[in-house]
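Structural characterization, general
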Amino acid sequence: MRMLVVASIAAGAATDAHAATRSDAVSAWNANAGDAAIAACLAPTNNPLHESRLYAAMHLAVHDVLNAIDRRSRPYAFATRRRLPGASLDAAVAAAARDALVTLLQQLPAPFSDCAPAAVASVESDYATALAAIADGPAKNEGIQLERAAAATILAIRTGDGADTPLFDTAYRQGTAPGEYRFTPGFSFAFAPGWADVRPFALRDSAQFRAGAPYAVTTKRYAADVAEVKHLGGDGITTPSARTAEQTAIAHFWLESSPLQWNRIARTVGARLDPWQQARLFGLLNMAMADGYVGSFETKYLYNYWRPVTAIREADSDGNPNTSADPTWTPLVPTPPIPDHDSAHAVEGGAAAE
């Protein structure tokens, strides 16, 4: 798997001048990518699927261009025997990030394509600022030239990867039996049911780590879960909740896009790493999260399990004597238009933390 390729560390310590290089370029472009995702209307909540793909491709381009300057890890895709130890690290990182981000932002589907020009402008502004801080000369030029090949290699690999799958499927067939997914309140579509067919970055296929089936709706464990959500998950307005103020704050904290949030966490964790270590960290992190969504959506649409809001409102029809319906039950935040099992937020949190 490419994950293992990226994770493999080349033998021997670097001995050239770059060994002592300190640069914030990798971390800075991670933050710039988050700003671009927000400008593109992907983050903080609307479309973490394309957001995760955006970060992963960008950071693999950055990873590979740094290892073309000084090989410290095996490259993911771009390998060259030509070494440019004098190339500007900051120029190479900025140009690799810029090329990957701009290309992928310009490929976003509607309605996110409407926000893409603002996102591209954000990236171009960051790029101009980064280049202006680097002295003109051969080192800067070499860094820019090297990145073009690295970014182009990653972008070529992701071409035709299935990420153009329809996002808003209004014709998705809703279930009718107990436990089967129905559209959630406020939505008339299922979101990205074809994302399981997007080519992973590292997984063998989307079903490689498929989660087990959810509880049958007639079981006591299922009834216990329904009771817990019903007791704690209400909005506190239409539906009373026993949730504490701290629990509400925690819920709102984790509501944000997982890719946006976990990259912010990684910038803090990796602040003292050198650029090559940061590039490896962000590359692994974002491949894991991008593939996490591919795997999670395979599981979600395989089991096609109804959401708690549906389960609680229609509990009188589930055949379980230990549940009772509340037709007006309203959750703390709107329920996403995707099947319930497994939890993509849990998948992303587990993969990112690991």
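Bear in mind the structure is a predicted one, so any value in this text is a computation, not a measurement. (Residues numbered from 1 in each chain as written. Predicted model: local features only at pLDDT ≥ 70, side-chain atom pairs only at ≥ 80, totals over all residues. Heavy atoms only, no water.)

1. Things to note about unusual backbone geometry
Residue Pro111 follows Ala110 across a cis peptide bond; omega there is 0 degrees. Turning to its location among the elements, Pro111 is positioned in the loop between helix 4 (89-105) and helix 5 (116-132). In this structure, Asp342 follows His341 across a cis peptide bond, with omega equal to 5 degrees. Position of Asp342 among the secondary structure elements: in the loop between helix 11 (308-313) and helix 12 (344-353). If you check the backbone angles, Cys41 has positive phi at about 70 degrees while not being a glycine. In this structure Cys41 comes out as partly exposed when scored by relative accessible area, which is 26%. Within the chain, Ala192 stands out as a residue other than glycine whose phi angle is a positive 50 degrees. (Helix = DSSP H or I, 4+ residues; strand = E, 2+ residues; numbered from the N terminus. Buried < 20%, exposed > 50% of the residue type's maximum accessible area, 1.4 Å probe, protein only.)

2. Overview of the environment of Leu60
Position of Leu60 relative to the elements: it lies in helix 3 (residues 48-69). Note on Leu60: relative accessible area 0%, which makes it buried. C-alpha separation for the pair Leu60 and Asn286, spaced 226 residues apart in sequence, amounts to 8.9 Å.

3. A word on the state of the cysteines
Under the criterion given, the structure shown has 1 disulfide. A disulfide bridge connects Cys41 with Cys115, and the sulfur atoms are separated by 2.0 Å. Because the sign of the S-S torsion sets the handedness, a value of about -80 degrees for the bond joining Cys41 and Cys115 places this disulfide among the left-handed ones. With a gap of 74 residues between them, Cys41 in the loop between helix 2 (25-39) and helix 3 and Cys115 in the loop between helix 4 and helix 5 connect regions that are remote in the sequence. (Disulfide = S-S within 2.5 Å.)

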